[in-house]
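Chain and residue survey
So the chains spell out like this:
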Amino acid sequence: GTATVSGGGPMMDFKIGGAVQKNLILSFDMLINPIIGGDFSGKGLDVNGLGQSSPDSGGGGSIVAAGLGITYYFMPYNVFVNGTLGRGELMVENKYGLHNDSYGRYSDASGYDLQFKIGKEWWVSKNWGLGISAYYAFFAGDESAGDAADTSYTMDPSYKGAFSANQFGVMFNTTFN
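What comes next is a walk through the structure. (Residues numbered from 1 in each chain as written. Predicted model: local features only at pLDDT ≥ 70, side-chain atom pairs only at ≥ 80, totals over all residues. Heavy atoms only, no water.)

1. A closer look at the overall build of the protein
Of the regular secondary structure elements, the protein holds one helix and eight strands. Its helices and strands taken in sequence order, the protein reads β-β-β-β-β-β-β-α-β from the N to the C terminus. The proportion of buried residues among the 177 residues of the protein is 39%. Considering only contacts within the protein whose residues lie at least 6 apart along the sequence, 62% involve residues at least 24 apart. Carbon and sulfur atoms make up 61% of the accessible area of the protein, which amounts to about 9,900 Å² in all. (Helix = DSSP H or I, 4+ residues; strand = E, 2+ residues; numbered from the N terminus. Buried < 20%, exposed > 50% of the residue type's maximum accessible area, 1.4 Å probe, protein only. Contact = heavy atoms within 4.5 Å. Areas by Shrake-Rupley, 256 points an atom, 1.4 Å probe, with all protein chains shown as cover.)

Listed below in structure tokens is the structure:
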């Protein structure tokens, strides 16, 4: 079946890198996106022991990824575009929390994560910029065999599924140069 987890949460995006030429920056990026108080809908997750999903059983989840990023600044406007491609992990949890052994995790998947951002920054000092950006991120991955065999999941242990996630949002940025 198909299950959907929806909800919001703070996106955190850490980058460390340097300019390879004027206005072009390569970086190592770490992306963290928790889903707080998510809701389940559809079929595929046995969240209440009855073989069906239940919206009040959802607790959320998170996507964590690391990868290579590239940013280009359009000067003198200080507008930027950014793209990151990396490996990530999506974890889906129930209302009891991710680390509550028997009741915590429904499933997790490893795969690829892709993020695009466009934004604007303003210099507030010689080295610091503050700004705002809009982002879109996409995750696609498969549940690993070891995870599918873990009987502490409330999902059918024989289930092996493909997972994907679409994320949209607005971020505040700070840049140190």
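Following the structure, the description resumes.
2. Examining the pattern of salt bridges
One pass over the full model with this rule turns up three salt bridges. Lys117 is paired through a salt bridge with Asp13; the nearest N and O atoms lie 3.2 Å apart. Pair noted here: Lys117 is in strand β6 (residues 105-123) and Asp13 is in strand β2 (residues 12-21), with a separation of 104 residues, a long-range link. Asp13 carries the same exposure label as Lys117, and that label is buried. One salt bridge in this structure joins Asp29 and Lys15, with 2.7 Å as the shortest N-O distance. Highlighted residues: Asp29 in strand β3 (residues 24-42) and Lys15 in strand β2, separated in sequence by 14 residues. Within this structure, Asp13, Lys15, Asp29 and Lys117 form a network of salt bridges that share partners. (Salt bridge = Lys/Arg side-chain N within 4 Å of Asp/Glu carboxyl O.)

3. Here's the deal with the environment of Gly88
With respect to the helices and strands, the residue Gly88 is situated in strand β5 (residues 79-94). Linking Gly88 and Asp113, residues 25 residues apart in sequence, is a C-alpha distance of 5.7 Å. Contacts of Gly88, omitting those with residues within four sequence positions, involve Val64, Ala65, Ala109, Ser110, Gly111 and Phe139.

4. Digging into a nonpolar patch on the surface
Where nonpolar side chains cluster on the molecular surface, the patch consists of Met12, Phe14, Ile16, Phe28 and Met30 and spans about 490 Å² of accessible area. Where the nonpolar patch is concerned, the elements lending two or more residues are β2 and β3. The greatest single-element share of the nonpolar patch, amounting to three residues, is contributed by β2. By secondary structure assignment, the location of Ile16 is in strand β2. Classification of Ile16 as exposed rests on a relative accessible area of 63%. (Patch = residues over 30% accessible without salt bridge, like charges linked within 9 Å, V, L, I, M, F, W, Y side chains within 5 Å.)

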